[in-house]
Amino acid sequence: MDVKHYVGDDMRDIMDQIRTEMGSDAIILHTGKTRKKGLKGWFSKPLIEVVAAHDRTANDKQNDVDSRRLQAMELQLSGLHSAIERLADIKQNQSAAEINPIYSKYIDILSAHDVNPDIASEIMDKAMAIYKGGDMQQCVEDVIKEYLGQPVPISLDNGRQSVIIFLGPTGVGKTTTLAKLAAYYGIQLGKKVALITADTYRIAAVEQLRTYSDIMQLPLSVVYSSNELKQEIGRYSDADIIMIDTPGRSPNDIDGINDIKDLIKASEPTDVFLLVSASFNYAACQRLWQRFGDIEDIRLLFTKLDETDCWGTILNMRHISRRPLSYITDGQVVPDDIKVVDVDAVAAKIARD
Ligand SMILES: Nc1nc2c(ncn2[C@@H]2O[C@H](COP(=O)(O)OP(=O)(O)O)[C@@H](O)[C@H]2O)c(=O)[nH]1
Ligand SMILES: [Mg+2]
């Protein structure tokens, strides 16, 4: 509390001075009369004395409380504002859904196939834009087909050797898929096929491919480094097709992924397939692409379609990677359960109940 002492001969002047100096909240603690000090004072008119005080801290506290209240109110107001905006959004979507029950019907179908919600809305916006009445099913399928693009399977260049490498996480189906394609080209088409495996982390993995190579009577080499891989490829210079199996790597294993990138560099492949299980959710597809996305010329190969009814993974992964599709596998049987992606069939599957 500030306390000040005022002396003068006119009460009004003193009060004006207090008001200017201490503000109108000042409190008068004492008024009285006094005399000037010394002998002279006894002979002059007594002066007016006022003691005034100003409770600065109380005032400041009040200001603090006020500004806190103001802040809280501002916060509440902005909360209210966004709540209103959200409600308006919901209302708008609801009315879109009310106006176009067909829109929400297909959004439901796409989400039942685990198509990412953003992709589903994009597809439906495009489908609605081309819809001129009539068959909505066809519009949705056409947009999905546009998203899927044309598949790019293996094409044997006359005279040129194909070097095909299979990448992807453990257990996704690399060895089995390689065996399916080796059987098709080696046995059905009678091409000269050689197999190389760099998957030496598990003995069983080598044995698995050796079993297939024995049955199909195709040569198999086991390599432990990218240098050895280069040498072995050189040894098979008369083969039409060399197929390379790689160790499965978790998308989180950065060193392992770098080893695989070395193998790719050493093999100079004509075809690079990234295998994606149909059961991968959107987050798993994103993680996979974070690790493998900087490898050039990757094409997507989807496995285990027979294990799920949700085919949205194909659309999701294609959307994330923008890389061409190639094959799907839909069973464990070598060589039967593999086919080039049939874009019409995939679109129809995803767009139907
Ligand atoms: N249901 C089903 N199983 C598959 C398919 N492709 C591979 N598998 C199985 O998945 C398991 C792992 O396959 P594998 O080729 O060893 O995977 P890798 O670790 O990537 O080489 C094996 O049991 C395969 O038979 C498929 O399309 N459908
Ligand atoms: Mg394997």
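In what follows, the structure referred to is the one given above.
These figures come from a predicted structure and were not determined experimentally.

Thresholds, definitions, all that
Numbers given to residues run from 1 along each chain, matching the order in which its sequence is written. Here every chain gets a letter starting at A, and every ligand a number starting at 1, in the order they are written. For this predicted model, a pLDDT threshold of at least 70 governs which residues receive local features, and a threshold of 80 or more governs which side-chain atom pairs are given and counted, while totals over whole chains, interfaces and linings are taken from all residues. Computation of side-chain values covers all heavy atoms of the structure but excludes hydrogens and water. At least two bridges found by DSSP between two strands are what make those strands a pair. Secondary structure elements follow DSSP: runs of H or I no shorter than four residues count as helices, runs of E no shorter than two count as strands, and numbering proceeds from the N terminus. The convention used is that axes are lines fitted to C-alpha atoms, helices contributing only their stretch in contact, and that angles between N-to-C directions extend from 0 to 180 degrees. Neighbouring residues are identified by heavy atoms, a residue being near a molecule or strand if any of them is within 4 Å of it. Here a polar contact is taken to be a pair of N or O atoms separated by no more than 3.5 Å, where protein atoms must pair a possible hydrogen donor with a possible acceptor and residues adjacent in sequence count only if both atoms sit in side chains. Accessible areas in this description were obtained via Shrake-Rupley with a 1.4 Å probe; residue shielding takes into account the shown protein chains only. Each angle gets one of four labels, with under 35 degrees taken as roughly parallel, over 145 as roughly antiparallel, 65 to 115 as roughly perpendicular, and the rest as oblique. By definition, turning the near helix anticlockwise from the far helix through less than a right angle yields a left-handed crossing, and turning it clockwise yields a right-handed one. The contact rule is simple, with two residues in contact once any of their heavy atoms fall within 4.5 Å. Under this grouping Gly is polar, as are all residues other than the nonpolar Ala, Val, Leu, Ile, Met, Phe, Trp, Tyr, Cys and Pro and the charged Asp, Glu, Lys and Arg. For the exposure calls, accessible area comes from a 1.4 Å probe over protein chains only, and a residue counts as buried if that area is under 20% of its type's maximum, exposed if over 50%, partly exposed in between.

Asks: Teacher, can you tell me more about the sheet that holds strand β7 (residues 241-245) here?
Replies: Across a sheet, paired strands are connected by hydrogen bonds in the backbone, their directions being either parallel or antiparallel. Pairing is mixed across the open sheet formed by 8 strands, whose spatial order is β6-β5-β7-β4-β8-β9-β10-β11. Single-partner strands in this sheet number two, and they are β6 (220-222) and β11 (338-340). Across this sheet, the average inter-strand angle for adjacent strands is 25°, counted without regard to direction. Where strand β4 (residues 162-167) meets β7, 5 bridges bridge the pair, whose relative direction is parallel.

Asks: Just checking my understanding: could you explain the site of ligand 1 for this structure?
Replies: In the vicinity of ligand 1, 17 residues are found, and the nearest of them are Gly-171, Lys-174, Thr-176, Asp-306 and Thr-329. Here Lys-174 contributes a backbone N or O atom positioned 2.8 Å from an oxygen atom of ligand 1. At 3.1 Å from an oxygen atom of ligand 1 is found a side-chain nitrogen or oxygen belonging to Gln-208. Isolated, ligand 1 exposes 580 Å² of accessible area, and the fraction of that covered by the protein chains is 83%.

Asks: Please clarify how the packing of helix α7 (residues 174-188) against helix α8 (residues 203-216) should be interpreted in this entry.
Replies: A packed helix pair is summarised by two numbers, namely the angle formed by the two axes and the spacing between the axes. Look at α7 against α8: their axes get within 10 Å of each other, and the N-to-C directions meet at 15°. Viewed along their axes, α7 and α8 adopt a mutual orientation that is roughly parallel. As α7 packs across α8, the resulting crossing turns out to be right-handed. From α7, Thr-175, Thr-176, Leu-178, Ala-179, Ala-182, Ala-183 and Ile-187 reach across to α8, where they touch Gln-208, Leu-209, Tyr-212 and Met-216. Its residues placed into classes, the contact of α7 with α8 shows 8 nonpolar, 3 polar and no charged.

Asks: Looking at this structure, I do not really get the sheet that holds strand β1 (residues 2-8). What am I missing?
Replies: Strands sit in the order β1-β3-β2 across an open sheet of 3 strands; the sheet is antiparallel. Among the strands making up the open sheet, the edge pair consists of β1 and β2 (27-34). Averaged over all pairs of adjacent strands, the angle between strand axes in this sheet comes to 15°, irrespective of strand direction. Sheet contacts for helix α1 (residues 11-22): β1, β2 and β3 (47-54); angle to β1, the most-contacted strand, approximately 150°.

Asks: Where do I start with the environment of Val-115 in this structure?
Replies: In this fold, Val-115 is placed in the loop between α4 (101-112) and α5 (117-130). Along the chain, Val-115 and Trp-311 lie 196 residues apart, while their C-alpha atoms are 8.1 Å from each other.

Asks: Looking at this structure, how should I read the environment of Asn-158?
Replies: Note on placement: Asn-158 falls in the loop between α6 (136-148) and β4. Among the residues examined, Asn-158 registers a relative accessible area of 80% and is labelled exposed. The sequence separation of Asn-158 and Asp-240 amounts to 82 residues, and the corresponding C-alpha distance is 9.3 Å.

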